[in-house]
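Residues per chain, in single letters:
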Amino acid sequence: MSASLKRFQQATVEVACRTLEDVAGPRRFLVADEVGLGKTVVARDIVARLCKRQSRPLLVYYVTNGQRVGNQNRGRLVDFLPREERKNALSNIDRLGLIPFETARPKAKVRLYALTPATSFPGDQARLHGGRKEERAFLRALLGWTYPQLIRSLPEDLLRGTARKNWEQLVEAYRHARYKPEERFLRAFRSAVSQEFKGDPYAKIVEAAKTETKGRIIGRLRRALAHAQLIFSPPDLVIFDEFQRYRELLTPNGLQDKLMSQLLCGANPPAVLLLSATPYKLYAGRWEQAAGADHHRELFELIEFLGGDHGKVIRQRAMSAFSDFGDSIRAMARIPSESSEFDAHRVSASAQRTTLQGLLGPLMSRTEREGRDVSDGSHTVPLACELSAEDVRVYRHLVNSFKKQHRSEALPYWLSVPLPMQALGKRYQAWKQRISLNDSKLTKLTLEDRKKLKPAAHWPHPKLRALQRVLKSDSLALPWTAPSLPWWSLSGDWAGETPEKLLLFSRFKATPQSIAALLSLEVEASYLPKKRGYELAWRQRRLQAGKGRMPILALFHPSPFLIGAVDPMKARGGNLRSVRASVMAQLLSALDKLGVQIDKATAKERKRRRPIWKIISALDLRAGFSAMSSSAWKQVAADDVRLLGCVQQWHKASTVTSISSSELRDLATIALSSPGVVAGRALRRHYAQALAPEGFHDLLRLCWHGLRTYLDNPVFFARLKGRTPALTLQQAALSGNLEALLDEHFWLARQSGSEDGAELAEDLCSILGVTTGSFSFHPIGSKSEQRIRVRCHAAVPFGGTDHELDSKAGTGVTRPVRSDELRKAFNTPFWPHVLATTSVGQEGLDFHVWCGRVAHWDLCSSPLDLEQREGRIQRYGGQLIRRSLAKSLGTELLKKDLHGGSVWPEIERAGNLEKSDLSGLSPWWVLPETGVTRYIFRMPHSRDEARFKALQEQRLLYRLALGQPNQEDFVNVLMASHADKFPILRELALDLSAFGREKTQSGEERIMTPLVHEATVQARR
């Protein structure tokens, strides 16, 4: 596993750059690789190649449907740059109209803006709004420079909008000369305003101010501002990521819009790179077509767009070839495979396949794992969902509470949403217009039950009860999952069923919220003391600084002496006993070099046991680390008076010349199991400067504000059980292989683009602060309207809760958690262990890092959606892949002398050497027996199991339906044929991968070049 490109990705970059750099061609290319195959990494190297071709910075617009994907990927697109230049390359501006605000651009080879269609490219028919007050204030200044008479004719408060504070100061600030754009931009703005208002701006805008709403007028001026920016400084490259969500912008009608026309069809059109695993509807069933999905039109409109000026000719050729191809495939499905006629149609289909691959190859590349001769070992686990009388009672209550016109909606809500009458909320019309009915016998969540931590023994939802058999509270309550390669056998609380992360997909937004809240509540009810109640029990903290808390500092102090003196890996893969013996030997050697003796003269000396924190502090002092430690602790403590007192006491310790045998054993335990030392050693394997002054502060902040705050959780202490907080966490670190886990996590983070070690510590510290959110249930049968707020932590909903709180370590500040932060938290080995989502989490996001299980709470409707869902956890270097490599290679590699380094680079090298294939897909995407575990829910009399089987069968054949009308009928014809034809038919599916073309280019190039040349000639005629 490496950030460098694999062979199939290199082939894609080569073909894409060839197209994008051809000034005589359309300069448009689509990377449509299957989910999880690294489209962003391919885009990164395309950006890197293009920026080498010009002397000035490459101006890139990176367009995504929302900031979630934008925030996830924008840094990856420039991570080929040095760290400081990387920061300079990324602008925080997120809309076109704000780009002129930049008075000075930092120096970098690339300047990248992450934009969204709604805010940067609103069409003529879009609902326009006033935007940000900074944008409106700049517009006010801009109108004063370009149309001074006009601005005096407009209402004074037109551009103020809803701004109340600092408006005048803001306007005055933007009138300053340093914000005044150059004359060329002012001319561009005048041109854009004239086009937007179609005539004399003075008359048209004054007239519009009388007839249109303020929001629309401001929106039109904002659109003119964006248009002016496109005229003034067109980009060199536009990347449309997951563009299928806003494909209307790229259709023939969409390109008629002023902004899109200026962006893509201006005097100097940019190179255009499209990224999407589903660039067109790969498969549409009858009901989707009836609802308006038009796979046929989407595909051929996209081909026309990619072809640019020659698009219409290429589109016609493609339509003809797809039609002939489909006729041959249908004929093969109808006639016996032994007949000569079958062979003739097979030859014809193969010829059309070659034609299509040659025609589309210069415009797109799609690499897929499907069809490879590898058994991935995926297995389906049906969970039996038994109905109870209470389930039926909840359904009847729901039906009777809905008005007559909404009662047909009750069944799908009841099937999907646990406690539907309490969870649905005002976003659902049926619930909003409900009749409030009380049923004293109804099982529900009450405020009193939550306060006493006594929820229902069995929730009235068959799927939830089935899920709880898989997600047991004793597993969810553990603070971290198991490493892929334990350095010694897991033991204690990790010896049995270790926590396994789960990604759950449902239909309704209320479902993830209800599931996450009820699972989290069950965890608390299982372990927190009921006598303290819901709120008080959660507030109990055991790892705070203060008087008598010096052992807590020792627990999270990353002692430079101990980190440098001890390496458990030197035990060469032995059991925990041999590791302890190795650590003792290493300590003796290090102490001897320091001139510290072991007292053995008398039994009293041997048994002497001073506080361990004094020993550690004295050894750091003797080793020359005290000044660095003191400075870092004071920075981390900031204004925390109690912590500063402890830090002062810690660094008053005098030097030491000898320790007892008992103190040596205590020191060995700390060296092997304290979270501070463990984290420091793990970080040092991937960040050589971790013990240098610049790195030690980052490490210490991670230990104190990250790990300590995260682990100071009453659920963890109740679950782990120990005599003291320090002993509890030390035993957990040993039992759960915390150091092996952190070593794996940091290595993974390096592969994901965090090349700077300081970022490793900073990112994990930030993520560990994202600990809790909440969801509020509505009361039933209570006079009080007070909602019942339930924390979400072990399980969380992705895409929104009522109150998502981010408890940043040590700051006491709470703020809303973004979905991007929840995604990052799920992609660590720590809480949350369950992430429940809807289609929001189905496309474009990574959840694979520590997750190998997926639950289809509500079945999706098409094989494509199934592929998208499971593709979230079948991605580059996912947990399932790492476990397989660790099992086959890791045990032996642990026996090597790693010289203080991580075992994972060794696994990477051995995996690439022993298990790679020509394409580069193996071993980091594809390996035998690394498939997902998927759960489906078997309701009584439900057809879901049969539907799921049909989805899997359709998944094998739907690729043949590409470019065909009535795809479901086409696939049904193929499925009705004899099973012995399936392998033959699947071989005829189009291979649009650049790597596939590279392998067979001797034949396909001869076809491709004349076809494209002929299309070009016809277009010119």
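Keep in mind it's a predicted model, so treat the numbers as computed, not measured.

## A short note on the overall build of the protein chain
When helices and strands are counted, the protein chain shows 48 helices and 17 strands. Over its C-alpha atoms, taken along the principal directions, the protein chain stretches across nearly 105 × 85 × 70 Å. Of all intrachain contacts in the protein chain linking residues separated by at least 6 positions in sequence, the fraction that spans at least 24 positions is 79%. Total accessible area on the protein chain stands at roughly 41500 Å², and carbon and sulfur atoms take up 49% of it. Separation of charge centres in the protein chain, based on 152 positive and 109 negative side chains, amounts to 6 Å.

## As for the pairing of strand β5 (residues 271-275)
Burial analysis of β5 places 5 of its 5 residues in the buried class, the great majority of the element. Side chains of β5 alternate between two faces, with Ala-271, Leu-273 and Leu-275 and Val-272 and Leu-274 buried alike. Pairing analysis gives 4 bridges linking strand β1 (residues 28-31) to β5, with the strands arranged parallel. The residue of β5 that forms the bridge with Val-31 is Leu-275. Pairing geometry for strand β4 (residues 237-241) and β5, over 5 bridges, is parallel. Paired with Val-238 across the two strands is Val-272, which belongs to β5. In terms of handedness, the path from β4 via helix α12 (residues 258-265) over to β5 forms a crossover that is right-handed.

## A closer look at the sheet that holds strand β6 (residues 364-365)
As a general point, the strands of a sheet are linked pairwise by backbone hydrogen bonds and lie either parallel or antiparallel. Reading across from one edge, β3-β2-β4-β5-β1-β6 is the order of the 6 strands in this open sheet, with parallel pairing throughout. Each having just a single partner strand, β3 (110-115) and β6 make up the two edges of the open sheet. Against the sheet, helix α2 (residues 39-51) makes contact with β1, β2 (58-63), β3, β4 and β5, and its axis sits at roughly 165 degrees relative to β5, the strand it touches most.

## With respect to the pattern of salt bridges
Here the structure, examined in full by the defined rule, presents 56 salt bridges. In this structure, the salt-bridge partner of Asp-94 is Arg-132, at a minimum N-O distance of 2.7 Å. Of this pair, Asp-94 sits in the loop between α4 (83-89) and β3 while Arg-132 sits in the loop between α5 (117-120) and α6 (133-146), and the two are 38 residues apart along the sequence. Take Arg-132: its relative accessible area is 34%, and that puts it in the partly exposed class. With a closest N to O distance of 3.8 Å, Arg-184 and Glu-182 form a salt bridge. On the basis of relative accessible area, Glu-182 is assigned to the partly exposed category, the value being 46%. Several salt bridges converge on common partners, so that one network encompasses Glu-196, Glu-212, Arg-216, Arg-220, Arg-223 and Lys-258.

## Remarks on the sheet that holds strand β16 (residues 851-856)
The 6 strands lie next to each other as β7-β17-β16-β8-β15-β13, forming an open sheet whose pairing is parallel. Of all the strands in the sheet, the pair left with one neighbour each is β7 (379-384) and β13 (795-797). Strand-to-strand twist of the sheet, defined as the mean angle between neighbouring strand axes without regard to direction, takes the value 20 degrees. Pairing of strand β8 (residues 501-505) with β16 involves 4 bridges; the strand directions are parallel. When the bridges of β16 are listed, Leu-503 appears paired with Val-854. Those strands touched by helix α22 (residues 462-470) are β7, β8, β16 and β17 (933-938), and its axis lies near 125 degrees from that of β7. Helix-sheet contacts for helix α41 (residues 863-871) involve β8, β16 and β17, and the interaxial angle to β16 is about 145 degrees.

## Considering unusual backbone geometry
In this chain, Trp-831 is followed by Pro-832 through a cis amide linkage whose omega measures 0 degrees. Residue placement: Pro-832 occurs in the loop between α40 (819-826) and β15 (834-837). Even without being glycine, Glu-242 reaches a positive phi, approximately 50 degrees. In this structure, Glu-242 sits in the loop between β4 and α12.

## Some remarks on the nonpolar core
By size, the foremost hydrophobic cluster in this structure holds 227 residues, and its most contacted members are Val-110, Phe-777 and Val-903. Setting aside residues no more than four positions away along its own chain, Val-903 makes contact with Leu-485, Trp-487, Met-569, Asp-743, Leu-893, Leu-894 and Leu-898. In this structure, Leu-143, Ile-218, Ile-329 and Leu-990 belong to the second largest nonpolar core, which totals 97 residues.

## Structural notes on the packing of aromatic side chains
Under the definition given, this model contains 26 aromatic pairs. With a centroid separation of 5.6 Å and 90 degrees between ring planes, the pair formed by Tyr-147 and Tyr-202 is classed as edge-to-face. With Tyr-147 in the loop between α6 and α7 (148-153) and Tyr-202 in helix α10 (residues 201-211), the pair connects residues that are 55 residues apart, well separated along the chain. Following the ring pairs from residue to residue traces out a cluster consisting of Phe-402, Tyr-413, Tyr-428 and Phe-508. Across from the ring centre of Trp-538, 5.6 Å away, lies the NZ or CZ of Arg-541, which sits over that ring.

## A word on the environment of Lys-896
Following the sequence through the fold, Lys-896 ends up in the loop between α42 (879-893) and α43 (904-915). Residue contacts for Lys-896: discarding those within four places in its chain leaves Arg-572 and Glu-906.

## Looking at the domain arrangement of the protein chain
Segmentation of the protein chain into domains returns domain 1 (7-123 + 230-308), domain 2 (133-222), domain 3 (386-444) and domain 4 (549-737 + 745-754). A straight line from the C-alpha centre of domain 3 to that of domain 4 covers 55 Å.

## Topic: the packing of α2 against helix α3 (residues 67-77)
A packed helix pair is summarised by two numbers, namely the angle formed by the two axes and the spacing between the axes. Relative to each other, α2 and α3 sit at 40 degrees, their axes nearing to 9 Å. Viewed along their axes, α2 and α3 adopt a mutual orientation that is oblique. Of the two possible hands of crossing, α2 and α3 adopt the one that is right-handed. Contacts between α2 and α3 involve Thr-40, Ala-43, Arg-44 and Val-47 from the first element and Asn-73, Arg-76 and Leu-77 from the second. A per-class count over the contact of α2 with α3 returns 3 nonpolar, 2 polar and 2 charged.

## Here's the deal with the packing of helix α31 (residues 626-637) against helix α35 (residues 693-711)
Close contact between α31 and α35 brings their axes to 9 Å; oriented N to C, the two are set at 50 degrees. The orientation of α31 relative to α35 falls into the category oblique. In this structure, the crossing between α31 and α35 has a hand that is right-handed. Contacts between α31 and α35 pair Met-628, Ser-629, Ala-632, Trp-633, Gln-635 and Val-636 from the former with Pro-693, Phe-696, His-697, Leu-700, Arg-701, Trp-704 and His-705 from the latter. The residue inventory of the contact of α31 with α35, partitioned by class, reads 8 nonpolar, 4 polar and 1 charged.

Cut-offs used in this document
- Residues numbered from 1 in each chain as written.
- Predicted model: local features only at pLDDT ≥ 70, side-chain atom pairs only at ≥ 80, totals over all residues.
- Heavy atoms only, no water.
- Helix = DSSP H or I, 4+ residues; strand = E, 2+ residues; numbered from the N terminus.
- Contact = heavy atoms within 4.5 Å.
- Areas by Shrake-Rupley, 256 points an atom, 1.4 Å probe, with all protein chains shown as cover.
- Lys, Arg positive; Asp, Glu negative; His and termini not counted.
- Charge placed at Lys NZ, Arg CZ, Asp CG, Glu CD.
- Buried < 20%, exposed > 50% of the residue type's maximum accessible area, 1.4 Å probe, protein only.
- Pairing = 2+ DSSP bridges.
- Right-handed = clockwise from strand over helix to strand, strands pointing away.
- Axes fitted to C-alpha atoms, helices over the stretch in contact; angles between N-to-C directions.
- Salt bridge = Lys/Arg side-chain N within 4 Å of Asp/Glu carboxyl O.
- Core = buried A, V, L, I, M, F, W, Y, C linked by side-chain atoms within 4.5 Å.
- Phe/Tyr/Trp six-rings, centres within 6.5 Å; stacked < 30°, edge-to-face > 60°.
- Lys NZ or Arg CZ within 6 Å of the ring centre and 35° of its normal.
- Domains from an automatic or database assignment.
- Parallel < 35°, antiparallel > 145°, perpendicular 65-115°, else oblique.
- Left-handed = near helix turned anticlockwise from the far one by under 90°.
- Nonpolar A, V, L, I, M, F, W, Y, C, P; charged D, E, K, R; others polar.

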